[in-house]
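Secondary and tertiary structure notes
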Amino acid sequence: MDLSKSDLLEMYRQMVLTRLFDIKTDEWFKKGLLKEVVHQSTGQEAIPIGSCYAIGPDDKVLPSLRTRGAFIARGVSARTMLLAMGARKKSPSKGHETSHHSCYPELGVLPGTGMVGSSISIGAGAALALSYKGTNNVVLNFFGDGAANRGDFHEAINLSGAWKLPCIFIIENNQIAVTMPANKATACKKFSDRAVGYGIPGYTIDGNNIIEVYSYTKEAVERARRGEGPTLLDCITFRMKPHAGIIPENRPSEIIEEWAKKCPIKRLGNYLIENDMTSEEDLEKIKNDADSEIEEAFKSIQDEPVCTTDDMLTDVYEEGV
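Along every chain, residues carry numbers that run from 1 in the direction the sequence is written. A pLDDT threshold of at least 70 governs which residues receive local features in this predicted model, and a stricter bar of 80 or more applies before side-chain atom pairs are shown or counted, although totals over entire chains, interfaces and linings include all residues. Hydrogens and water molecules were not included; the side-chain quantities draw on all heavy atoms of the structure.

1. A word on the overall build of the protein
The criterion, for reference: Under the scheme used here, helices are H or I runs from DSSP no shorter than 4 residues and strands are E runs no shorter than 2 residues, and both carry numbers assigned from the N terminus. Two things to know: the radius of gyration comes from C-alpha atoms, and the globule rule equals 2.2 Å times the number of residues to the power 0.38. Here's how the labels work: a residue is buried when its accessible area is under 20% of the maximum for its type, exposed when over 50%, partly exposed in between, all with a 1.4 Å probe on protein chains only. Any two residues whose heavy atoms approach within 4.5 Å are treated as being in contact. Each accessible area is a Shrake-Rupley result for a 1.4 Å probe, and residues are judged covered by the shown protein chains and nothing else. Charge counting follows a simple rule: Lys and Arg are positive, Asp and Glu are negative, and His as well as the terminal groups are ignored. Charge positions are represented by NZ for Lys, CZ for Arg, CG for Asp and CD for Glu.
Across its full length, the protein carries 12 helices and seven strands. Taken over C-alpha atoms, the radius of gyration comes to 19 Å for the protein, in line with the 20 Å a tight globule of 321 residues would show. If you line up the protein on its principal axes, its C-alpha atoms span 65 × 55 × 40 Å. Within the span of the protein, comprising 321 residues, buried residues form 51% of the whole. In the protein, of all internal contacts separated by at least 6 residues, the share reaching a separation of at least 24 is 75%. Of the roughly 14800 Å² of accessible surface on the protein, a fraction of 52% belongs to carbon and sulfur atoms. Computed over 37 positive and 45 negative side-chain charges, the separation of the two mean positions in the protein equals 2 Å.

Right, here's the structure in full:
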């Protein structure tokens with residue numbers, strides 16, 4: 001393994017920051033303090049953090065609806081995301097964007113869309129652009145198991161395989177699309193089995209093991225940089241919260257409790273302690289620092305002006321057309 005102690009501690013910090021951000025923003029939304037419905041990634045943090053750690057600053061990422069950690073891994077601040085969630089005029093798109101469909105080109109974060117699955121094709125298109133430019137950069141293309149059953153998935157991966165595009169397709173397979181279990185909507189037992197039909201490698205991996213996610217992504221990235229084309233990574237995980245903050249929980253409590261034991265943050269924390277890389281006290285300090293960072297960011301947006309209805313109608317169409 002080529003990850004150092006400092007690497008692993010930073011990955012731990014980013015996972016903790018991702019989780020606390022999701023939990024706190026969900027609480028603030030339910031109190032009416034934020035405008036955006038929160039789609040939590042609690043339990044899935046190892047996938048975006050582990051995979052983003054395997055790429056460079058000039059590579060691109062296309063987050064899914066729930067890939068909050070990808071924004072954090074690429075350097076988007078809590079304040080910036082909260083400006084969008086709070087519909088503040090100082091947000092990057094002057095209040096027009098939601099935090100999970102934002103675009104930060106300077107950080108390599110590509111714009112998605114509000115239609116689940118449609119961003120898969122956008123990621124493939126970005127990879128085609130990189131290929132045309134003759135770079136050796138790659139795109140990490142994130143989406144859920146539900147999106148993997150849309151036509152966008154098949155078309156994007158088929159062409160990416162045929163043209164050997166530098167795109168890594170990453171399924172955040174939390175095993176249920178809103179309320180539909182994957183095993184009731186998908187005939188194959190493993191999404192990775194589909195890869196053979198497109199002539200590319202496909203792997204089903206433990207999405208709650210951040211070191212495993214990093215290792216498989218790194219291998220896929222190196223393959224893409226060599227001009228050998230895409231890889232499909234089916235990362236098995238479980239979202240510990242309902243699909244969104246306004247949807248009630250309808251899954252059996254025993255399943256949630258079982259997956260809570262597989263928490264990716266606890267697993268990495270235990271690994272660090274068992275290998276004498278840190279202590280319980282140090283991990284608690286990381287959590288407290290992350291908590292303070294989010295709280296300070298939230299306080300910092302309170303005096304920022306909120307967008308009005310008129311503001312929402314600006315930049316929608318070009319005058320005189």
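2. Considering the pairing of strand E2 (residues 139-144)
Note the threshold: Think of it this way: DSSP has to see at least two bridges between two strands before they count as a pair. Here, the term right-handed applies to a crossover whose path from the first strand over the helix to the second runs clockwise when the strands point away from the viewer.
Buried residues dominate E2, accounting for five of its six residues. Pairing geometry for strand E1 (residues 60-62) and E2, over three bridges, is parallel. Its bridge partner lying in E2, Lys60 is registered against Val139. Relative to strand E3 (residues 167-173), E2 runs parallel, the two sharing six bridges. Bridge pairing in E3 places Leu140 opposite Ile168. In terms of handedness, the path from E2 via helix H6 (residues 151-163) over to E3 forms a crossover that is right-handed.

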